[in-house]
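Notes for the structure review
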Amino acid sequence: KEIIDAPILIVGSGYGGAVSALRLCESGKKVVMLEMGLNWQKSGIPFSNMLKPGKSAAWLKKKTIAPFMNIFSLTPFTGTLDRMDFEHINIWVGRGVGGGSLVNGGMAVTPKKSYFKEIFPDLDTEKFYNIYFPLVHKELKVNVIGEQFLKDCPYYKFTRVGEAEAHKAGFKTIRVPNVYDFQYMEKEYRNEVPRSAFNTEVIYGNNHGKNSLDKTYLKKALETGNLEILDLHCVEHIKLNDDKTYTLQVQQTDISGGVVTDKVFNCKKLILAAGTMGTLKLLLHSNVVNNFPIHKQIGKNWGNNGNFMTGRNWVKPLSGGTGAKQSTIPVGGIDNWDDKEHPFFTEIAPLPMGMDVATALYLLINRVDKKGEVSYDRNAKKIILNWDQSNTFKMRENAGYFIKKMNRANGGTRSHFLFNNGFGANVCYHPLGGCVLGKVTDEYGKLKDHENLYVLDGSLIPGTIGVNPFVTITAIAEYCIENLIRQNEFS
Ligand code: FDA
């Protein structure tokens, strides 16, 4: 086995990993990043779109794994989108250099101040809203669609119809910022540049337009000359050594998932940023196979960020539905958060199917009043999730209330075409929690019971943040790494 020594190792190249890498590299540290997915930029392999799914469509699957309409066969490949299936919930995650930023819709939403305060009572809210959120907006290149373009562009009919219907039903709508470059989008509309958002590209990667992490944080970190990213390197488990360093067992694979070689990495400082599910899996699995010390609260306070998908059929079929041409980038949302009885936020989501299916899709984000728990099943040798209908009961009630109110005002039916009964309670894009900041870690993400191990990803957020989470994950990672560097944790 090849043995590699690296002073600082980061596992995972999503938001938490990318932020940590940039700030450490800027402070002059040499960093090695291990990512199980492919480095798409370096490989030169293009991403596929939703109507013609190809190599990038799924992580080692024989069939596509979108939330619905999976009629396409695939040759197994280390694609960008993966799905982890549990008894009552399926969790989608991104794989590849850039993590979730490769597959996500780019919605860059800052949480409501009051909710942020409720979820993180010990953090300095003003500092986050004055410093970290603005910093993250700048680094992630967050921008907003031009209102005139939105009004005129046929690809945004679904948003215009969605907003008009919401207003008619008495709901308040908001404009949603995004990391997709809207100047680029206007050019793609005029056919001056290759199309991406208007070419059904999103959940299997965007070839253009989207400022994913490989174009922002990771690019800047690589430019320092201090970062080495090893793709197709999957960390299997971790051992704590007597001298408080760590040894990681790593499998290097090829693009079809076959094992190329087993490697061993030794490091003094370890940052886990493998995403909520990836980090929990590593910690819980290492505990079982290596007696790795873990805090008793690891896995607790897990939530789906209130994700609940639903849809409506027969949306204005006579007046032209939601549009045959649809941009993949959402820019509208319905904000019902202040309603005491039915608090929720919902994205007015695109459904770019190449024809007008007169169907509206919504991804609701609710409060998570009853949390779940991730643990390790020693017999089955896998992580399990304690989560069922009781956790999503209130979310379902909110979705029912929303759909009824929309249909009463505008016509339409609950979408049985998209989901069983019209409700996708099992669809989760936003797994959060399990290594909660200040509970399982210290106030800056250092794991309790460890001296050289840090967790910096979505697992720090206790199961809910009320809006799409990557802006918050990035801001918390900025806050933690700034303080960890200031405390000389890495010298
Ligand atoms: P993230 O999941 O980004 O990165 C973890 C990385 O670690 C991955 O690249 C993974 O391959 C790697 N890894 C895991 N285990 C490993 C191991 N053992 N060894 C090596 N590498 C390992 N959010 C939002 O705010 N706006 C939006 O519009 C959307 N839309 C959206 C759509 C879809 C389809 C999905 C699936 C998700 C979203 N999200 C979203 C959610 C958002 O993408 C997500 O919350 C963040 O990517 C999570 O960031 P993290 O840093 O926690 O991990």
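Going by the structure above, here's the rest.
Residues numbered from 1 in each chain as written. Predicted model: local features only at pLDDT ≥ 70, side-chain atom pairs only at ≥ 80, totals over all residues. Heavy atoms only, no water.

**Some words on unusual backbone geometry**
- The backbone phi angle of Lys244 is positive, close to 70°, even though this residue is not glycine.
- By the secondary structure assignment, Lys244 is in the loop between strand 7 (233–240) and strand 8 (246–253).
- Lys244 gets classed as partly exposed once you look at its relative accessible area, which sits at 39%.
- The phi dihedral of Asn305 is positive, around 55°, even though this residue is not glycine.
- Under the relative-accessibility criterion, Asn305 is labelled buried at 0%. (Helix = DSSP H or I, 4+ residues; strand = E, 2+ residues; numbered from the N terminus. Buried < 20%, exposed > 50% of the residue type's maximum accessible area, 1.4 Å probe, protein only.)

**With respect to the site of the ligand**
- What surrounds the ligand is a group of 36 residues, the closest being Glu35, Gly100, Met107, Gly458 and Phe470.
- Taking Glu35, its side chain carries an N or O atom lying 2.7 Å from an oxygen atom of the ligand.
- A distance of 3.2 Å is found between a nitrogen atom of the ligand and a backbone nitrogen or oxygen belonging to Gly105.
- For the ligand, whose free accessible area comes to 1000 Å², the fraction covered by protein is 94%.
- Looking at the shell around the ligand, the elements with two or more residues in it are helix 1 (15–26), strand 4 (90–94), strand 7, helix 9 (275–290) and helix 11 (470–486).
- For the shell around the ligand, the leading source of residues is strand 7, giving three residues.
- Each residue belonging to the shell around the ligand can be placed in one class, and the counts come to 17 nonpolar, 16 polar and three charged. (Near = heavy atom within 4 Å. Polar contact = N/O pair within 3.5 Å; in protein donor to acceptor, adjacent residues only side chain to side chain. Areas by Shrake-Rupley, 256 points an atom, 1.4 Å probe, with all protein chains shown as cover. Nonpolar A, V, L, I, M, F, W, Y, C, P; charged D, E, K, R; others polar.)

**Quick look at the packing of aromatic side chains**
- Per the counting criterion, the structure on display carries 30 aromatic pairs.
- Here the aromatic rings of Trp40 and Phe77 are separated by 6.1 Å at their centres, their planes lie at 55°, and the arrangement is tilted. Within this pair, whereas Trp40 is found in helix 2 (residues 40–43), its partner Phe77 is found in the loop between helix 2 and strand 3 (81–85), the two being separated by 37 residues in sequence.
- Ring geometry for Phe116 against Phe120: centres 5.5 Å apart, planes inclined by 50°, an arrangement best described as tilted. The same class applies to Phe116 as to Phe120, namely buried.
- Taken together, Phe116, Phe120, Phe128, Tyr129, Tyr132, Phe133, Tyr444 and Tyr479 form an aromatic cluster joined through their ring pairs.
- Taking NZ or CZ as reference, Arg95 lies 5.9 Å from the ring centre of Trp59, over its face. (Phe/Tyr/Trp six-rings, centres within 6.5 Å; stacked < 30°, edge-to-face > 60°. Lys NZ or Arg CZ within 6 Å of the ring centre and 35° of its normal.)

**A few points about the pairing of strand 12 (residues 332–335)**
- Residues Gly332 and Ile334 of strand 12 are buried on one face, and the alternating residues Gly333 and Asp335, pointing to the opposite face, are buried as well.
- Bridging between strand 5 (residues 173–175) and strand 12 involves three bridges; their strand directions are antiparallel. Paired with Ile174 across the bridge in strand 12 is Gly333.
- Bridge count for strand 12 against strand 13 (residues 344–349) is three bridges, and the pairing is antiparallel. Within strand 13, the residue paired with Asp335 across the bridge is Phe345. (Pairing = 2+ DSSP bridges.)

**Some points on the pairing of strand 1 (residues 2–11)**
- Relative to strand 9 (residues 259–272), strand 1 is paired through nine bridges, and the arrangement is parallel. Bridged to Ile8 within strand 9 is Lys269.
- Of the strand pairs in this sheet, strand 1 and strand 2 (residues 31–34) are connected by three bridges, and their pairing is parallel. Residue pairing for strand 2: Val11 is matched across the bridge by Leu34.
- Crossover strand 1 to strand 2 through helix 1 is right-handed. (Right-handed = clockwise from strand over helix to strand, strands pointing away.)

**Focus on the nonpolar core**
- With 161 residues, the main nonpolar core has Phe128, Tyr156, Leu248 and Leu270 as its most contacted residues.
- Considering every element that reaches this core, the biggest residue donor is helix 11, with 10 residues.
- Leave out the neighbours within four places in its chain, and Phe128 touches Phe116, Leu123, Phe133, Pro134, Ala475, Ile476 and Tyr479. (Core = buried A, V, L, I, M, F, W, Y, C linked by side-chain atoms within 4.5 Å. Contact = heavy atoms within 4.5 Å.)

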